[in-house]
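Summary of structural features
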Amino acid sequence: MENSLTLKKSNCKNCYKCIRHCPVKSIRFSGNQAHIINEECILCGQCFVVCPQNAKEITDSTEKVRVLLMSGDPVVVSLAPSFIANYDGIGIDAMRSGLQKLGFYDVEETALGATMVKTEYERLLHEEKRDIVISSCCHSINLLIQKHFQNELPHLADVLTPMQAHCVDIKRRIPNAKTVFIGPCVSKKDEVEYSGGAVDAVLTFEELTNWLSDENIELEKNVVQNNESRARLFPTTGGILKTMAQNEPDYTYMAVDGVENCISVLKDIERGNVHKCFIEMSACTGSCVGGPVMEKYHRSPVKDYMAVAKFAGKNDFSVIQPTAEEMRKRFSYIRNNSKVPDEYEITKILQQMGKFRKEQELNCGSCGYDTCREKAIAIYQGKAEISMCLPYLKDKAESFSDTIARNSPNGLVVLNDMLEVQQINKAALRIMNLRSASDIMGDQVVRILDPVPFLEVQSSGKGIYDNRTYLADYKRYVDQTIVLDPESRMLICIMRDVTDEESAREKKEAISQQTVEVADKVVEKQMRIVQEIASLLGETAAETKIALAKLKESITNE
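Computed from a prediction, not measured in an experiment: that's the story for all the values here. (Residues numbered from 1 in each chain as written. Predicted model: local features only at pLDDT ≥ 70, side-chain atom pairs only at ≥ 80, totals over all residues. Heavy atoms only, no water.)

1. Looking at the nonpolar core
If you look at the biggest cluster of nonpolar residues, it comprises 60 residues, and the most contacted ones within it are Leu144 and Ile279. Among the elements that take part in this core, helix α12 (residues 259-270) stands out by supplying six residues, more than any other. Beyond its immediate chain neighbours, meaning those up to four positions away, Leu144 contacts Val24, Ile42, Phe149, Val259, Cys262, Ile263 and Leu266. (Core = buried A, V, L, I, M, F, W, Y, C linked by side-chain atoms within 4.5 Å. Buried < 20%, exposed > 50% of the residue type's maximum accessible area, 1.4 Å probe, protein only. Helix = DSSP H or I, 4+ residues; strand = E, 2+ residues; numbered from the N terminus. Contact = heavy atoms within 4.5 Å.)

Shown next as structure tokens:
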């Protein structure tokens, strides 16, 4: 089975936005990349909509449809009623004209199939008196129940979707016809596999728009009203209900949109809190006019609703209603092989995440999961990694940097852009004879150090490196390095205590000076002696004087 949603791995930046917005958490992360878990995914398209890097893409079926057009068989389009919202001011006749230029045999509205579906829903309530009936028009909702709420499967209306009902009807009326559904939905591409051959291919509005653009075909702005078209309301929230009679006594009719809201209702049904109810469920907020392709490129809820409502007529389409058996669609369980860890395994993973107590489970949601326990279960199932926990990474990074700062033999002082002390380590406290960090934390650096070099670095952006400085207040010499972090505007001062080194140097200089003074005295004394001897022997003392001068110079240079 071809995957309808795919991932461009190079584009994934590990931001976890897709998993935060995935209502069923059917995305796993491995090697800093997102991967869609097909057996859990309900193809709502939220990951496609919210991905800031466009790493999720919908499989393009344009080439597949081109091949159908080349087959010689008539290819008929079933056009989703939301088209009027996506293509402003362009009616069904204008759409038919444009698509026939691409080579399609004809274009009909999926709303014809929607009329058949709503009539079958009315029959179910009236003749079979079912307790709860959940509409089966939305393939994503069908997958949600089949994969994640299997106990509620008996409540899902065992009725064809409008797309399937319409395509079956097309093939009944037109011999050898091939059918292509065009709409705003990702999941319809997957529904092809469940249509029993009724649907041959699915295009999104985006694929159609690109194709028309490639062929330089411009759709004509033309809308012709048709009073017998009430089922055009189907793609709006409550649209199915607006087409139904709603005259069954003791029944409540309600519409729910958005997967999260649908999940809440399904949980309520699980708890036994719902009875005698027909529930219209749509995965997309706003129903089909809020579909993932429209939402990403053409999102205008009020305008879109008004376009659909204005286009819809007051009466039903004239259709030949299939029999109940012909409208029957049996939905089966879709197995989920995810293992559920026990309490010991969950606790063990939580501890690996640095969460040893209940209060450490922040449930911040930054990883995409609502609670730390859900995240731990996902890790056990191989869907998530420990490193996805932001507080864990923050604590780990802070712990690592704190360990370095705490154990460094060099003094470390960190200032903010107001030259206020933000961090100071033990070595710096020792250099400046401070008892504890609290004595200076948050105060101006002028209290402990000369602020001038800090101001110079802050204004110039150029660091000062290994500048030997005498801290007179502390009677210490330090090699001082001051650098500016351009992003945080923090100033970092590193001080290497060289007092002992400087003392040794001064001591060595003192010894050298004493040696020079002694040499001077020796030279002076020796010169007198040499002169006396020379005068007695009549020899010059020049050579001896030069030798002694070289000795003095050698000592001085040391």
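2. Concerning the sheet that holds strand β5 (residues 75-79)
If you trace the four strands from one edge of the open sheet to the other, you get β6-β5-β8-β9, paired in parallel fashion. At either end of the open sheet lies a strand with only one pairing partner, and these are β6 (106-109) and β9 (201-204). Averaged over all adjacent pairs, the angle separating strand axes in this sheet is 25°, with direction ignored. Direction of pairing for β5 relative to β6: parallel, over a ladder of four bridges. The partner of Val77 across the bridge, within β6, is Val107. Helix-sheet contacts for helix α10 (residues 205-214) involve β5, β8 (178-183) and β9, and the interaxial angle to β9 is about 80°. (Pairing = 2+ DSSP bridges. Axes fitted to C-alpha atoms, helices over the stretch in contact; angles between N-to-C directions.)

3. Observations regarding helix α6 (residues 111-128)
Residues three or four positions apart in an α-helix share a direction because the helix packs 3.6 residues into each turn. For α6, which comprises 18 residues, the first-to-last C-alpha distance of 25 Å matches the rise-based estimate of 26 Å (1.5 Å per residue) to within 8%. Across the 18 residues that make up α6, a large majority, 13, are buried. In the segment just after α6, Lys129 is the residue with positive phi, at about 50°. (Expected span 1.5 Å × (residues − 1).)

4. Topic: the sheet that holds strand β15 (residues 476-485)
The strands making up a sheet associate through backbone hydrogen bonding, with each pair oriented either parallel or antiparallel. Here five strands make up an open sheet; going across it, the order is β13-β12-β16-β15-β14 and the pairing antiparallel. Each edge of the open sheet is held by one strand with a lone partner, namely β13 (421-424) and β14 (464-471). Here the average twist between neighbouring strands, direction ignored, is 25°. With six bridges joining them, β14 and β15 adopt antiparallel strand pairing. Paired with Asn467 across the strands is Gln480, a residue of β15.

5. Overview of the state of the cysteines
Scanning the entire structure with this criterion turns up zero disulfides. As a non-bridged cysteine, Cys51 has Cys15 as the owner of its nearest cysteine sulfur, 6.2 Å distant. (Disulfide = S-S within 2.5 Å.)

6. Structural notes on the pairing of strand β11 (residues 277-282)
A large share of β11 lies buried, amounting to six of its six residues. Of the two faces of β11, both are covered, the one formed by Cys277, Ile279 and Met281 as well as the one formed by Phe278, Glu280 and Ser282. Bridge count for strand β7 (residues 132-134) against β11 is three bridges, and the pairing is parallel. Counterpart to Val133 in the pairing with β11 is Phe278. By the bridge criterion, six bridges tie strand β10 (residues 252-257) to β11 in an arrangement that is parallel. Note on β11: the bridge partner recorded for Thr252 is Cys277.

7. Some thoughts on the packing of aromatic side chains
Enumeration according to the criterion identifies seven aromatic pairs in this entry. Note on Phe83 and Phe311: the rings are 5.7 Å apart at their centroids and 90° apart in plane angle, and the pair reads as edge-to-face. Of this pair, Phe83 sits in helix α4 (residues 83-86) while Phe311 sits in helix α14 (residues 301-311), and the two are 228 residues apart along the sequence. For the pair formed by Phe83 and Phe311, the shared burial category is buried. (Phe/Tyr/Trp six-rings, centres within 6.5 Å; stacked < 30°, edge-to-face > 60°.)

8. Digging into the environment of Asn151
Checked against the element boundaries, Asn151 lands in the loop between α7 (139-148) and α8 (162-173). For Asn151, a relative accessible area of 63% puts it in the exposed group. Separated by 41 residues in sequence, Asn151 and Val192 place their C-alpha atoms 25 Å apart.

9. Comments concerning unusual backbone geometry
For Asn176, which is not glycine, the phi dihedral falls at a positive 60°. Note that Asn176 resides in the loop between α8 and β8. Look at Asn433: it is not a glycine, yet its phi comes out positive at around 55°.

10. A short note on α14
Of the residues making up α14, those classed as buried are Asp304, Val308 and Phe311. Seen along its axis, α14 keeps its buried residues to an arc of 70°; they face one direction. Residues of α14 that are exposed and angled more than 90 degrees away from the buried face: Val302, Met306 and Lys310. (Arc of directions from axis to C-beta.)

11. Some details on the packing of helix α15 (residues 343-352) against helix α16 (residues 372-380)
It is at 9 Å that the axes of α15 and α16 come closest, and there the two elements cross at 100°. When the axes of α15 and α16 are compared, the pair comes out roughly perpendicular. Taken together, the residues of α16 that come into contact with α15 (itself represented by Glu343, Glu345, Ile346, Ile349 and Leu350) are Cys372, Arg373, Ala376, Ile377, Ile379 and Tyr380. Per-class residue counts for the contact of α15 with α16 are eight nonpolar, no polar and three charged. (Parallel < 35°, antiparallel > 145°, perpendicular 65-115°, else oblique. Nonpolar A, V, L, I, M, F, W, Y, C, P; charged D, E, K, R; others polar.)

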